[in-house]
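These are the residues of each chain, in order.
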Amino acid sequence: MAIIEDLKYRYKNLDVFGKIIAINVVIFIVDAIITNLLKLDIVTYFKLPSIFGKFIIQPWSLISYGFLHNDFFHLLFNMLFLFYLSRAASNLFRTKMVLNIYLLGIIAGGLAYLAVFNLIHFDFFGPKNSIMVGASAGVSALLMFIAIYMPKSEIRLFNTFNVKWIHIAVFFVIMDVFRLMSGVNQGGYVAHIGGYVLGYVYASQLVKGKDIGKGFERLMDSVASWFKPKSNLKTVHRTSKKKSYAGKTREEFHTYNDQKKIDLILDKISKSGYESLTAEEKAFLFKAGKK
């Protein structure tokens, strides 16, 4: 019991993506037990089928497939990338927005997979009746988003040298296109490309000040509210006059150094969301991400 309580405590103190990684690991273990030891075929209903007729009767698989993995190394690779990418993005953006990109990437990858197998009528993409699993499309979306929005941002590899995320993104896009054309796991690489496209579009629109994931975020908040305990208490918020420039006057804001300005803007995002930023704040944040 002490071990279970300790695990519950550790899970409770994880951030959103830490919890997602933990859930993926637990699902992988449960999947192995159900499929290999108990010889049950339940997990299949959470994998994304290539045939549209099958997908219609299990539409949840458009998201659930992103929490299933074929083998240990498939899981390890995706979760390591998710760990580093989520932290790189969460340093500048709201956690909910980063989560939007990840989940929308999974959905975009799934839709690309379904489109290829149901709208393009040739045998290049392999057997018609196949299934797909893995978080790769969501990871691909995050990778491309960071590469486009913050092309000069870097990750330190093996504690010895730095590599720009844009170079990592270009490398993986080239590799995925090559492997797609070579006839290996075409459905999976089509999903990767769907994720790349989503990440590119999301970053490109955000540069213009438009968060295309807002509608999806509201939908997810609505779904999450179904599972929250209802309360008869009402919370009354006192209205106050909001200041521009991250809670400071323009004169105060421009007296701070760049790091202080970034801290103030990030604090404003965490409290009021990206859309609450002024055009000048968005421009400053965008330039800071490129340094």
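Predicted model only: the values in this text are computed from it and were never measured.

Visitor: I would appreciate a short explanation of the pattern of salt bridges in the present structure.
Guide: Two side chains with opposite charge may pair up if their charged atoms get near one another. Applying the stated rule across the entire model yields 6 salt bridges. The shortest N-O distance in the salt bridge between Arg87 and Asp15 comes to 3.5 Å. Of this pair, Arg87 sits in helix 5 (residues 72-90) while Asp15 sits in the loop between helix 1 (2-12) and helix 2 (16-37), and the two are 72 residues apart along the sequence. One salt bridge in this structure joins Glu217 and Arg94, with 3.1 Å as the shortest N-O distance. In this pair, Glu217 is assigned in helix 10 (residues 214-225) and Arg94 in the loop between helix 5 and helix 6 (95-119), connecting sequence segments 123 residues apart. When sorted by exposure, Glu217 lands in the same class as Arg94, which is buried. Members of the salt-bridge network, linked through shared partners, are Arg94, Asp211 and Glu217.

Visitor: Can you walk me through the UniProt feature "transmembrane region" (unreviewed entry) in the protein in this structure?
Guide: Within the UniProt annotation, "transmembrane region" (unreviewed entry) is assigned to residues 21-42, 62-85, 97-119, 131-150, 162-181 and 187-203. Taken end to end, residues 21-42 is 77% helix and 0% strand, and its first and last C-alpha atoms sit 22 Å apart. For residues 187-203, the helix share is 100%, the strand share is 0%, and the end-to-end C-alpha distance is 25 Å.

Visitor: I would appreciate a short explanation of helix 9 (residues 186-207) in the present structure.
Guide: Side chains of residues three or four places apart in an α-helix project in the same direction, reflecting 3.6 residues per turn. Its 22 residues place the ends of helix 9 32 Å apart at the C-alpha level, agreeing with the 32 Å of an ideal helix rising 1.5 Å per residue. Helix 9 sits mainly inside the fold: 16 of its 22 residues count as buried. Two residues or fewer after helix 9 comes Gly209, characterised by a positive phi angle close to 90°.

Visitor: Hey, could you run me through the packing of helix 8 (residues 165-181) against helix 9 in this one?
Guide: Working note: a packed helix pair is described by the angle between its axes plus the distance between those axes. Two elements in contact, helix 8 and helix 9, have axes separated by 9 Å at closest approach and are oriented at 145°. Handedness of the crossing formed by helix 8 with helix 9: left-handed. In this structure, helix 8 contributes Phe172, Val173, Asp176, Arg179 and Leu180 to the contact, and helix 9 contributes Gln186, Tyr189, Val190, His192, Ile193 and Tyr196. Classifying every residue of the contact of helix 8 with helix 9 by side-chain character gives 7 nonpolar, 2 polar and 2 charged.

Visitor: Just checking my understanding: could you explain the pairing of strand 4 (residues 161-164) for this structure?
Guide: Along any regular strand, the residues point their side chains to alternate faces of the sheet. The pairing of strand 3 (residues 154-157) with strand 4 spans 4 bridges and is antiparallel. Considered in strand 4, the bridge of Glu154 is made with Lys164. Hairpin connection, strand 3 to strand 4: the antiparallel pair is bridged by 3 residues, and Phe158 has positive phi, about 55°.

Visitor: Please explain the nonpolar core as it appears in this structure.
Guide: A general tendency of soluble globular proteins is for nonpolar side chains to be buried together. The biggest cluster of nonpolar side chains holds 68 residues, and the ones touching the most others in it are Leu82, Phe93, Tyr102, Phe145 and Tyr149. At the level of secondary structure, the elements contributing two or more residues to this core comprise helix 2, helix 5, helix 6, helix 7 (136-149), helix 8, helix 9, helix 13 (258-272) and helix 14 (279-290). Top contributing element to this core by residue count: helix 6, with 14 residues. Residues in contact with Tyr102, not counting those within four places in the same chain, are Phe17, Ile20, Gly66, Leu82, Ala135, Gly138, Val139 and Leu142.

Visitor: Help me out: how do you make sense of the environment of Arg87 in this one?
Guide: Under the relative-accessibility criterion, Arg87 is labelled partly exposed at 31%. Sequence separation between Arg87 and Val98 is 11 residues; the distance between their C-alpha atoms is 9.4 Å. Here Asp15 takes part through its side chain, which lies 3.5 Å from a polar atom of the side chain of Arg87. Here Ser86 takes part through its side chain, which lies 3.4 Å from a polar atom of the side chain of Arg87.

Visitor: Would you mind going over a nonpolar patch on the surface with me for this structure?
Guide: A surface patch of nonpolar side chains, amounting to about 980 Å² of accessible area, comprises Val25, Ile29, Ile33, Leu37, Leu38, Leu40, Ile42, Tyr45, Phe46 and Trp60. Its place among the elements puts Phe46 in the loop between helix 2 and strand 1 (48-49). On the accessibility criterion, Phe46 (38% relative accessible area) is partly exposed.

How each quantity is defined
- Residues numbered from 1 in each chain as written.
- Predicted model: local features only at pLDDT ≥ 70, side-chain atom pairs only at ≥ 80, totals over all residues.
- Heavy atoms only, no water.
- Salt bridge = Lys/Arg side-chain N within 4 Å of Asp/Glu carboxyl O.
- Helix = DSSP H or I, 4+ residues; strand = E, 2+ residues; numbered from the N terminus.
- Buried < 20%, exposed > 50% of the residue type's maximum accessible area, 1.4 Å probe, protein only.
- UniProt positions renumbered as here; feature names shortened; annotations may be inferred.
- Expected span 1.5 Å × (residues − 1).
- Axes fitted to C-alpha atoms, helices over the stretch in contact; angles between N-to-C directions.
- Left-handed = near helix turned anticlockwise from the far one by under 90°.
- Contact = heavy atoms within 4.5 Å.
- Nonpolar A, V, L, I, M, F, W, Y, C, P; charged D, E, K, R; others polar.
- Pairing = 2+ DSSP bridges.
- Core = buried A, V, L, I, M, F, W, Y, C linked by side-chain atoms within 4.5 Å.
- Polar contact = N/O pair within 3.5 Å; in protein donor to acceptor, adjacent residues only side chain to side chain.
- Patch = residues over 30% accessible without salt bridge, like charges linked within 9 Å, V, L, I, M, F, W, Y side chains within 5 Å.
- Areas by Shrake-Rupley, 256 points an atom, 1.4 Å probe, with all protein chains shown as cover.

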